[in-house]
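Here are the chains, one letter per residue:
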Amino acid sequence: MMNVINYTALQLIFTRGSELKTLKKIKMIGASMAVCGLATMATAGTTVIDFESFDLSGFTFLDVGSPLVFNQPGVDVSIIQGGSLRVYDLFLFGSDPATTGQALLDSGPGFMNPDGTDIQFSTPVSDFSLRAGDFGSDIDSPLRIEAFDAGGLSLGVAMADWDQNQFPPFVTLSLNVDGISRIHYSSGGSFPSSTFIDDL
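Worth saying up front: this structure is predicted, and the values here are computed from it rather than measured.

Engineer: Tell me about the overall build of the chain, and please be specific about residues and values.
Structural biologist: Looking only at helices and strands, one finds one helix and 15 strands in the chain. The buried share among the 200 residues of the chain stands at 54%. As displayed, the chain has an accessible area near 8,500 Å², and 53% of this comes from carbon and sulfur atoms.

Engineer: Please provide a residue-by-residue account of the confidence of the model for the chain, values included.
Structural biologist: In the predicted model, the chain carries a mean pLDDT of 79, and 76% of its residues have values of at least 70. In the predicted structure, residues 1-45 sits below a pLDDT of 50 and forms 204 contacts with residues beyond four places in sequence or in another chain.

Engineer: Summarise empty space enclosed by the protein; cite the residues concerned and give the values.
Structural biologist: If you add up the space inside the largest cavity, you get close to 40 Å³. Surrounding the largest cavity, 10 residues form its lining, Leu105, Asp106, Thr117, Thr195 and Ile197 being those nearest its centre. Class assignment for the residues of the lining of the largest cavity results in six nonpolar, three polar and one charged.

Engineer: Lay out the pattern of salt bridges with the relevant residues and their values.
Structural biologist: Summed over all chains, the structure comprises four salt bridges. Aspartate 199 is the partner of arginine 131 in a salt bridge, and the nearest nitrogen-oxygen pair spans 3.0 Å. Placement of arginine 131 in strand β10 (residues 128-133) and of aspartate 199 in the segment after β15 (196-198) is noted, with a sequence separation of 68 residues between them. Like arginine 131, the residue aspartate 199 is buried in the burial classification. Here arginine 144 ties to glutamate 146 by a salt bridge, and the two come within 3.1 Å at their closest N and O atoms. Of the residues examined, arginine 144 reaches a relative accessible area of 23% and is grouped as partly exposed.

Engineer: Tell me about the sheet that holds strand β14 (residues 180-186), and please be specific about residues and values.
Structural biologist: The strand order across the open sheet formed by six strands is β5-β6-β9-β14-β11-β12, and the pairing between neighbours is antiparallel. A single partner strand is all that each edge strand has here, and the edge strands are β5 (68-72) and β12 (154-160). Averaged over neighbouring strand pairs, the angle between their axes works out to 15° when direction is ignored. Sheet topology places strand β11 (residues 143-148) next to β12; six bridges connect them, and they run antiparallel. Counterpart to phenylalanine 148 in the pairing with β12 is serine 154.

Engineer: Report on the sheet that holds β15, specifying residues and quantitative values.
Structural biologist: Strand order in the open sheet formed by six strands is β4-β7-β8-β15-β10-β13, with antiparallel pairing between adjacent strands. Edge positions in the open sheet fall to β4 (61-63) and β13 (171-175), since each of these has one partner strand only. Here the average twist between neighbouring strands, direction ignored, is 35°. In terms of strand pairing, strand β8 (residues 102-106) meets β15 through two bridges, oriented antiparallel. What sits directly across from leucine 104, in β15, is isoleucine 197.

Engineer: Tell me about the packing of aromatic side chains, and name the residues and values.
Structural biologist: In total, this model carries 10 aromatic pairs according to the counting rule given. On the numbers, 5.9 Å between centres and 85° between planes, the contact of phenylalanine 135 with phenylalanine 196 is edge-to-face. With a gap of 61 residues between them, phenylalanine 135 in the loop between β10 and β11 and phenylalanine 196 in strand β15 connect regions that are remote in the sequence. In this structure phenylalanine 135 comes out as buried when scored by relative accessible area, which is 10%.

Reading the values: rules and limits
- Residues numbered from 1 in each chain as written.
- Predicted model: local features only at pLDDT ≥ 70, side-chain atom pairs only at ≥ 80, totals over all residues.
- Heavy atoms only, no water.
- Helix = DSSP H or I, 4+ residues; strand = E, 2+ residues; numbered from the N terminus.
- Buried < 20%, exposed > 50% of the residue type's maximum accessible area, 1.4 Å probe, protein only.
- Areas by Shrake-Rupley, 256 points an atom, 1.4 Å probe, with all protein chains shown as cover.
- pLDDT = per-residue confidence, 0-100.
- Contact = heavy atoms within 4.5 Å.
- 1 Å grid on protein atoms, 1.4 Å probe; cavity = no way out; pocket = protein on both sides within 12 Å on 5 of 7 lines; lining within 4 Å.
- Points joined across faces, edges and corners; volume = space filled by probe spheres on them.
- Nonpolar A, V, L, I, M, F, W, Y, C, P; charged D, E, K, R; others polar.
- Salt bridge = Lys/Arg side-chain N within 4 Å of Asp/Glu carboxyl O.
- Pairing = 2+ DSSP bridges.
- Axes fitted to C-alpha atoms, helices over the stretch in contact; angles between N-to-C directions.
- Phe/Tyr/Trp six-rings, centres within 6.5 Å; stacked < 30°, edge-to-face > 60°.

Listed below in structure tokens is the structure:
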């Protein structure tokens, strides 16, 4: 399943080679993974991927399957589930009029996914960030991303807290390193990785 989609909320920013491109800020309210922005030396600007183009037909979520592949100029981005990939309508999920848009949740039975989520790149990228969070009710700390090179060597880790009384807007996790072939996302608590990601 390949989708070329627009811009909304987990903020993934990355560049290829020595030319740095910056993912421009977007208006994002809500819980989630899934805008993926990328730039290559062949492009003058930044290409952005998000989940807004998925048709939920009025339902709260849509199962999208794994791998979820976004084919973009210079790089293919594959999101690999640890549980089950679903695109959620954030308003229908959270019942907050201020929280709109769609985002990605990778969760298994009982809203638990101890394996987390992998984001893989066909060509190494740099400067990655995403937004992540939830709608209260339980502790999800730490929200965590770790970058790996093509050989599986860890390039760095970024973490943030998310407590049981915390609601959107989500926090941004970022790593400013080169040679990223894979990002691993996870969150803690009693329901591991039961958090949304957006703005890849």
